[in-house]
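Chain and residue survey
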Amino acid sequence: MKKITSICCIGAGYVGGPTMSVIAQKCPEIKVTVVDINEARIEAWNDKDLDKLPVYEPGLAEVVDEARGRNLFFSTDVDKAIQEAEMIFISVNTPTKTYGVGKGRAADLKFVELCARQIARVANGDKIVVEKSTLPVRTAESVKRILKAEAGEHEFQILSNPEFLAEGTAIDDLHNADRMLIGGDQDEKGQEAIQALVDVYAHWLPKDRLITTNLWSSELSKLTANAFLAQRVSSINAISALCERTGADVDEVANAIGSDSRIGPKFLKSSVGFGGSCFQKDILNLVYLCRHFGLPEVADYWEQVVAMNDYQKHRFAKQIIDTLFNTVSGKKIAFLGWAFKKDTNDTRESAAIYVAHELLQDRAEIHVYDPKVPKAQMFRDMEYLIENPGSVYTENPLPENWRDLIVVHEEPYTAMDSAHAIAVLTEWDEFKTYDWASIYAKMLKPAFVFDGRNILDGEAMAEYGFEFRGIGKGL
Ligand code: NAD
Ligand code: UGA
């Protein structure tokens, strides 16, 4: 089988950028070109100043620095990159549909379809097309049909190679992936294509971590993995509510159950609710597929994971309002964090957006500090949620002047000065290092802290004088 020497990736986002940078780093003899229609994004990937890369990931700048200009290239010339490549990854966004059939549930595959059509139109030879985006099971069938219908004399092999990296740890996840999953056709040509991609990853991953399957198992495994992970978070969050009524401590419960090797300790951290661009979108997509295939009971089962997450975000916002004497109107609430988790500048579906929306419904004044998220992004997030409420808790309109009620700070202390309450929305490590005694001194009393990530030491905070509430922390 011919070794791959030229790869193109369509989509220079959170997945395409880091994934291709690592392939280029580990496979110096392969030319890797990442293309995107978003010119600003490509410009940022090419910026000499590595602090300006469009994706913030620990370790990414070093990888880009090593490979960029050697065998890693970022470009807006999609056609040329398709023509030059033997293997083409499709790593474009597949958001939840916001219109028409399947609105609010199904994955919007228009970007994937556009890529397939473009590949078919401009391809000048046989190609291996790799689905890197997360897709509903059986999407490869549609991709194949489009390619075949427009392909002329060229042959296309379709592979499914879903990505399992998590943001904030993307580089480590790619360097030391638990597994790389590659699905393809089971005939001879399909097997050859699978082997070509196995050979790429075998540059740095041990063979036993390269799992090969048929196309449909691979596509479905990605949705299933995210559904299982999100289910764990919703399960422990459900228990956190019971802890608060009964005096149990959710971290102690998580530790106790996680010590059972059958359950395992990971992904049992109770929080204000999971966010990120994928968990909710992928579960809703799974739910949609189950209904489509006539399995309403299965759909209802998975839908509950998202419902529990909505409830957890709502519970947190409601606790703030209830504790602050039943209204936050005109009160200064400091938000520590806006990103959906630490070590990323990504805010998609972040719990902070939903909590802000509920507090703004009650006319709070929200003062936000996040070390990586720019102000304009926070306002875009609010606007998106207003247009696409998605949850019963965020359907009520905001006051007309809601923009004036969000104040974004460049540093944390001004955000917390004279605040009625602090809410921790993201688990950034720096929050643990703050001078909490002086923060307490400058807040209105009683000074409330709602730790939506359970990162602060409740006893120490109480000693400073705070009225402290963690998630799932007893009565
Ligand atoms: P993203 O929005 O950050 O990036 C997608 C990019 O594709 C955008 O820059 C967009 O401009 C570009 N694009 C769209 N259509 C295009 C076209 N026709 N031609 C060229 N460029 C085009 O998305 P992402 O977070 O990188 O996610 C990509 C896929 O990977 C999704 O299916 C997602 O579910 C999946 N995924 C994401 C993560 C994650 O951590 N973000 C992890 C695993 C899987
Ligand atoms: C998740 C999966 O972990 C990846 O394997 C997958 O590739 C990716 O989705 C995807 O398909 O996009 P990501 O969303 O980047 O990765 O981050 P996670 O670490 O999974 O966290 C997701 C959310 O769950 C965050 O808001 C996080 O704070 C929350 N979480 C996670 C908890 O509240 N508790 C936990 O124990 C773990």
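Residues numbered from 1 in each chain as written. Chains lettered and ligands numbered in written order. Predicted model: local features only at pLDDT ≥ 70, side-chain atom pairs only at ≥ 80, totals over all residues. Heavy atoms only, no water.

Structural notes on the UniProt feature "active site" (unreviewed entry) in the protein chain
The feature "active site" (unreviewed entry), as annotated in UniProt, sits at Cys278 in this numbering. Checked against the element boundaries, Cys278 lands in the loop between helix 10 (250-258) and helix 11 (279-292). (UniProt positions renumbered as here; feature names shortened; annotations may be inferred. Helix = DSSP H or I, 4+ residues; strand = E, 2+ residues; numbered from the N terminus.)

Comments concerning the state of the cysteines
Scanning all chains against the criterion turns up 0 disulfides. Cys9 takes part in no disulfide bond, and the closest cysteine sulfur, belonging to Cys8, lies 6.9 Å away. The thiol of Cys27 is not disulfide-bonded; the next cysteine sulfur, from Cys9, is found 14 Å away. (Disulfide = S-S within 2.5 Å.)

Considerations on the sheet that holds strand 7 (residues 180-184)
Strands sit in the order 3-2-1-4-5-6-7-8 across an open sheet of 8 strands; the sheet is mixed. Two strands lie at the open edges of the sheet, namely strand 3 (72-75) and strand 8 (210-214), each paired on one side alone. Within the sheet, the average angular offset between the axes of one strand and its neighbour, ignoring direction, is 25°. Across 2 bridges, the pairing between strand 6 (residues 156-160) and strand 7 is antiparallel. Across the sheet, residue Leu159 finds its bridge partner in strand 7, namely Gly184. Across the sheet, helix 1 (residues 16-26) is in contact with strand 1 (6-10), strand 2 (31-35), strand 3 and strand 4 (87-90); its angle to strand 2 comes to roughly 170°. (Pairing = 2+ DSSP bridges. Axes fitted to C-alpha atoms, helices over the stretch in contact; angles between N-to-C directions. Contact = heavy atoms within 4.5 Å.)

Regarding the site of ligand 1
Near ligand 1, the surroundings consist of 25 residues, among which Asp36, Arg41, Thr94, Glu167 and Lys281 are the closest. Interatomic distance of 2.7 Å between a side-chain N/O atom of Glu167 and a nitrogen atom of ligand 1. The protein chains hide 92% of the 840 Å² of surface that ligand 1 would expose on its own. A per-class count over the shell around ligand 1 returns 9 nonpolar, 9 polar and 7 charged. (Near = heavy atom within 4 Å. Polar contact = N/O pair within 3.5 Å; in protein donor to acceptor, adjacent residues only side chain to side chain. Areas by Shrake-Rupley, 256 points an atom, 1.4 Å probe, with all protein chains shown as cover. Nonpolar A, V, L, I, M, F, W, Y, C, P; charged D, E, K, R; others polar.)

Examining the layout of surface pockets
Approximately 510 Å³ is the volume attributed to the second largest pocket. As for the second largest pocket, its lining consists of 23 residues, and the residues nearest its centre are Ala107, Leu109, Pro136, Thr139 and Ser142. Those elements that place two or more of their residues in the lining of the second largest pocket are helix 5 (110-122), helix 6 (139-150) and helix 11. Looking at which element gives the most residues to the lining of the second largest pocket, the answer is helix 6, with 5 residues. Taken together, the residues that form the lining of the second largest pocket break down as 13 nonpolar, 4 polar and 6 charged. (1 Å grid on protein atoms, 1.4 Å probe; cavity = no way out; pocket = protein on both sides within 12 Å on 5 of 7 lines; lining within 4 Å. Points joined across faces, edges and corners; volume = space filled by probe spheres on them.)

Details of the pairing of strand 5 (residues 127-131)
Counting buried residues along strand 5, 5 of its 5 residues qualify, which places the element largely inside the surrounding structure. Along strand 5, one buried face is formed by Lys127, Val129 and Glu131 and the opposite face, lined by Ile128 and Val130, is buried too. With 4 bridges joining them, strand 4 and strand 5 adopt parallel strand pairing. Paired with Ile90 across the bridge in strand 5 is Glu131. You can see the chain leave strand 4, run along helix 5 and come back into strand 5, and the turn it takes is right-handed. Here strand 5 pairs with strand 6 via 5 bridges, running parallel. Opposite Val129, over in strand 6, you have Ile158 as the bridge partner. (Buried < 20%, exposed > 50% of the residue type's maximum accessible area, 1.4 Å probe, protein only. Right-handed = clockwise from strand over helix to strand, strands pointing away.)

Comments concerning unusual backbone geometry
The amide bond that connects Lys445 to the next residue, Pro446, takes the cis arrangement and shows omega of -5°. Among the secondary structure elements, Pro446 is positioned in the loop between helix 16 (436-441) and strand 13 (448-451). Positive phi, normally seen in glycine, also occurs at Asn326, with a value near 75°. Relative to the helices and strands, Asn326 is located in the loop between helix 12 (296-323) and strand 9 (332-336). Residue Glu349 is not a glycine yet carries a positive backbone phi of 60°. Assignment of secondary structure puts Glu349 in the loop between strand 9 and helix 13 (351-361).

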